[in-house]
Amino acid sequence: MMEHKSEHRNLQEGKVYPIEIRNLSVTYRTEPALWNIDLNFPEGNLIAIVGPNGAGKSTLIKAVMGLVPITAGKVNVYGKSYSKQRSKVAYVPQRGSVDWDFPTDALDVVEMGLYGKLGWLRRPNSQTRKKARECLEKVGLGDYADRQIGQLSGGQQQRVFVARALAQDPQIYLMDEPLNGVDAITEETILSILENLRKEGKTIVMVHHDLQTVDKYFDWVVMLNRSLVATGPIKEVFTKENLDKAYQEKQRVSIR
Amino acid sequence: MVLEEIVTIFFGIFTDYTLRYVALGSAILGITSGALGCFTVLRKQSLFGDALSHAALPGIGIAYLFAGTKDSLFLMLGAAVFAWFGGIVTLGITSTTRIKQDAALGITLSVFFGLGIVLLTYLQSTGGASQGGLDRFLFGQAAALIETDVLNLGILAAGCFVVLIVFFKEFKIATFDSAFGQSLGFPTRYLSALLTSVIVVAVVIGLHTVGVVLMVSMLITPAAAARQWISSLKNMLILSAIFGGISGVVGSMISSTTEGMSTGPIIVITITTILGISLMFSPKQGYLFQYIRKKRQYQNNSKTISSISKETNPRS
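Just so it is clear, the structure is predicted and the values come from calculations on it, not from any experiment. (Residues numbered from 1 in each chain as written. Chains lettered and ligands numbered in written order. Predicted model: local features only at pLDDT ≥ 70, side-chain atom pairs only at ≥ 80, totals over all residues.)

A. The overall build of chain B, seen in detail. A count of helices and strands for chain B gives 14 helices and zero strands. Counted from the first residue to the last, chain B has its helices and strands arranged as α-α-α-α-α-α-α-α-α-α-α-α-α-α. For chain B, the residues scored as buried account for 47% of the 316 residues in total. Of the contacts formed within chain B by residues at least 6 apart in sequence, a portion of 74% connects residues at least 24 apart. (Helix = DSSP H or I, 4+ residues; strand = E, 2+ residues; numbered from the N terminus. Buried ≥ 20, exposed ≤ 12 C-beta atoms within 10 Å, placed from the backbone. Contact = placed C-beta atoms within 7 Å.)

Structure representation (structure tokens):
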């Protein structure tokens, strides 16, 4: 326990954090979605972002990648702006954010993870195909490469998204509710993959909705309700008191 | 007898000078709008395409007012500028007000179209007979296509396809998962704007053949038909282009058989027939095979149920 703590202190003093967020505010039209967030994500951890609906969980990870306009503040990825560090980050959007009736197969979606490395003009080739196939096998969907994405189950679709992120071979994974509404096999597969990634020193940040499993799956938690409620190792900050603070409705009303 | 007639019409493409250019122009439109229409459909912007084409109409009138010629290049330029403008107005309404996209599309579509009609009728009443040709852009008049028109259309279409082929991968990711594409560093917003611009060019090509009112069906229908058969984006684009091209040629051939039969509407009816056939008979999603599959499954299920109930309850 003490060792755990001192390790993080060392990080704070010397090393550069995978993600540093300084006084970040994001506003949608006139409504604040995130208010003055100040936060570091420690390397090699499985990090959960929790909070009630509309707390700005998805907005936080989108703001890291510059997918939403930042009103104030700054985000650094390994000490530099995100646009210089794209290759170190993989994004797993919410499954519901895309149209699964799109005419394509599982392998093709995974291959999209490599478009960033290909850059403009260069086309996917046999190498990207091979890499994509490997990643599909890692998530247990090797036999589904040619399957239309619309014919996959919800859990399989989610695993395709995870495979796409694996194909990017990043240092940081930003995942938006990858365990939401998936079957048991998918949850197990994804968690064992993430466990391995953490052992390799990767940082995984996940928006998570199921409070029951937070202390079981994660090392570190960020509790959010438009402003930062608490952040730190699970054992220290994932307390009833902080949960009450994060999930009380009053705070949201007062911000309005 | 009938076969003989069909053969004669078909060879008309090679022998009849007018029909050749009509068919060629219609085919160019069908191929271009067929391929690009796939993106319109997949991005769920079908009505956006409709608004774009209607918005092009006042552009034709204004281009004529300023340039004073019926030179097709000038008119197409005016049409393109206004189609673009109509698109921007629609996006502007949805992003700055509480008006939703369907209402915004309705507003631009009808206002621009109304403005276009006012301009064209004004020009017709003041300028005498020489301006009479402008109203052909309402429903198109492929029969009036001449060699230079076809050449212009061909160049525009080739431009569209160059952009489409060069940015195919980028267009695909911007359409399927725009936020993810953006996270990879592709400026998906600019890519969407580029894609819209290319669709505007397709709309402009269509002004001559099917006109502003029917243009939208040249974008949507081939793509919808192709989707019934095809399960990859690339092949969907190719098949949709083929469907569009075929309907262009067949439509202009049919209309050439009868005096005064408009080419544009016939092309639209042809492509809609292709859609109807696709909806009925495509192996995976067609009504017919779905019906057969369901019936078969129902029979299997009832067989299984009856055999189970016999096993568990042998006395009955």
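On we go from here.
B. Spatial organisation of the overall build of chain A. When helices and strands are tallied, chain A shows 11 helices and nine strands. The C-alpha radius of gyration computed for chain A amounts to 18 Å, which stays within 12% of the reference 18 Å derived for 256 residues, consistent with globular compactness. Taken over the C-alpha atoms alone, chain A extends approximately 50 × 40 × 35 Å along its principal axes. Relative to its 256 residues, chain A shows a buried fraction of 41%. The long-range share in chain A, meaning contacts at least 24 apart out of those at least 6 apart in sequence, stands at 69%. (Rg over C-alpha atoms; globule rule 2.2 N^0.38 Å.)

C. Looking closely at helix 14 (residues 287-312) of chain B. In a regular helix each residue adds 1.5 Å, so 26 residues correspond to 38 Å; helix 14 of chain B covers 37 Å between its end C-alpha atoms and thus fits that length. Buried residues are scarce in helix 14 of chain B, accounting for zero of its 26 residues. (Expected span 1.5 Å × (residues − 1).)

D. Looking closely at the interface of chain B and chain A. Counting residues at the interface gives 18 residues for chain B and 18 residues for chain A. Broken down by secondary-structure element, the contributors of at least two residues to the side of chain B that touches chain A are helix 8 (168-176), helix 9 (178-183) and helix 12 (233-257) of chain B. Tallied by class, residues from the side of chain B that touches chain A come to 10 nonpolar, five polar and three charged. (Nonpolar A, V, L, I, M, F, W, Y, C, P; charged D, E, K, R; others polar.)

E. Up close: the nonpolar core. Among the nonpolar cores identified, the biggest contains 159 residues, and Leu174 of chain A together with Ala56 and Val204 of chain B are the most heavily contacted of them. A total of 15 residues in this core trace back to one element, the largest contributor, which is helix 2 (residues 17-42) of chain B. Once you skip the residues sitting within four places of it in the chain, Ala56 of chain B turns out to touch Ala79, Phe82, Ala83, Val203, Val204, Leu207 and Val212 of chain B. (Core = buried A, V, L, I, M, F, W, Y, C linked by C-beta atoms within 7 Å.)

F. Main features of the confidence of the model for chain A. Overall, the predicted model of chain A reaches an average pLDDT of 83, with 91% of residues at or above 70. Every residue in residues 1-11 of chain A scores below 50 in pLDDT, and together they form five contacts with partners more than four places removed in sequence or on other chains. (pLDDT = per-residue confidence, 0-100.)

G. View of the sheet that holds strand 1 (residues 19-28) of chain A. All names here are of chain A. Taken in spatial order, the three strands of this open sheet run 2-1-4, and their pairing is antiparallel. Lying at the two open borders of the sheet, with one neighbouring strand each, are strand 2 (31-41) and strand 4 (72-77). Strand-to-strand twist in this sheet, taken as the mean axis angle between neighbours without regard to direction, amounts to 20°. The pairing of strand 1 with strand 4 spans five bridges and is antiparallel. Bridging from a neighbouring strand, Glu20 pairs with Asn76 of strand 4. Strands in contact with helix 2 (residues 57-64) are strand 1, strand 2 and strand 4; relative to strand 2, the strand with the most contacts, it is inclined by about 65°. (Pairing = 2+ DSSP bridges. Axes fitted to C-alpha atoms, helices over the stretch in contact; angles between N-to-C directions.)

H. Up close: the sheet that holds strand 3 (residues 46-50) of chain A. Residues and elements named next belong to chain A. Read from one edge to the other, the open sheet built from six strands follows the order 5-6-7-3-8-9, with strand pairing classed as mixed. Each edge of the sheet is formed by a strand with only one pairing partner; in this case those strands are strand 5 (89-92) and strand 9 (227-233). Taking the axes of each pair of neighbouring strands and ignoring which way they run, one obtains an average angle of 15° across the sheet. Two strands pair when backbone bridges link them, and strand 3 and strand 8 (residues 220-225) are joined in this way by four bridges, in the parallel orientation. Bridging from a neighbouring strand, Val50 pairs with Met223 of strand 8. Lying on the sheet, helix 6 (residues 154-168) is in contact with strand 5 and strand 6 (172-176); it crosses strand 5 at an angle near 170°.

I. Inspection of the pairing of strand 6 of chain A at higher detail. Residues and elements named next belong to chain A. Where burial is concerned, most of strand 6 is hidden: five out of the five residues are buried. Across the two faces of strand 6 the burial is the same, with Ile172, Leu174 and Asp176 and Tyr173 and Met175 all buried. By the bridge criterion, four bridges tie strand 5 to strand 6 in an arrangement that is parallel. By the bridge assignment, Val92 is partnered in strand 6 with Met175. Pairing of strand 6 with strand 7 (residues 203-207), which is carried by five bridges, proceeds in the parallel orientation. Bridge pairing in strand 7 links Tyr173 to Ile204. Viewed along the sheet, the connection from strand 6 through helix 7 (residues 184-199) into strand 7 turns out right-handed. (Right-handed = clockwise from strand over helix to strand, strands pointing away.)

J. Structural detail: the pairing of strand 1 of chain A. Residues and elements named next belong to chain A. Here strand 1 runs beside strand 2; their pairing, made up of seven bridges, is antiparallel. Residue pairing across strands places Ile21 opposite Leu39, the latter belonging to strand 2. Once strand 1 ends, the chain turns through two residues before running back antiparallel as strand 2, passing Arg29 with a positive phi of about 50°.

K. Main features of the packing of helix 2 of chain B against helix 10 (residues 188-209) of chain B. Residue and element names in this part refer to chain B. The interhelical angle for the contact between helix 2 and helix 10, taken along N-to-C directions, is 150°, at an axis separation of 9 Å. Taken together, the axis directions place helix 2 and helix 10 in an arrangement best described as roughly antiparallel. Crossing geometry of helix 2 relative to helix 10 is assigned as left-handed. Taken together, the residues of helix 10 that come into contact with helix 2 (itself represented by Gly25, Ser26, Ile28, Leu29, Thr32, Ser33, Leu36, Phe39 and Thr40) are Leu195, Val198, Ile199, Ala202, Ile205, Gly206, His208 and Thr209. The class makeup of the residues in the contact of helix 2 with helix 10 is nine nonpolar, eight polar and no charged. (Parallel < 35°, antiparallel > 145°, perpendicular 65-115°, else oblique. Left-handed = near helix turned anticlockwise from the far one by under 90°.)

L. Quick look at the packing of helix 2 of chain B against helix 7 (residues 147-166) of chain B. All names here are of chain B. Two numbers describe how helix 2 lies on helix 7: the axes approach to 10 Å, and their chain directions differ by 20°. When the axis of helix 2 is compared with that of helix 7, the two are roughly parallel. Both helix 2 and helix 7 take part in a crossing whose hand is left-handed. Note on element contacts: helix 7 touches helix 2 through Glu147, Asp149, Val150, Leu153, Gly154, Ala157, Cys160 and Leu164, opposite Tyr21, Leu24, Gly25, Ile28, Ile31, Thr32, Ala35 and Leu36. Looking at the contact of helix 2 with helix 7 residue by residue, the classes come out as 11 nonpolar, three polar and two charged.

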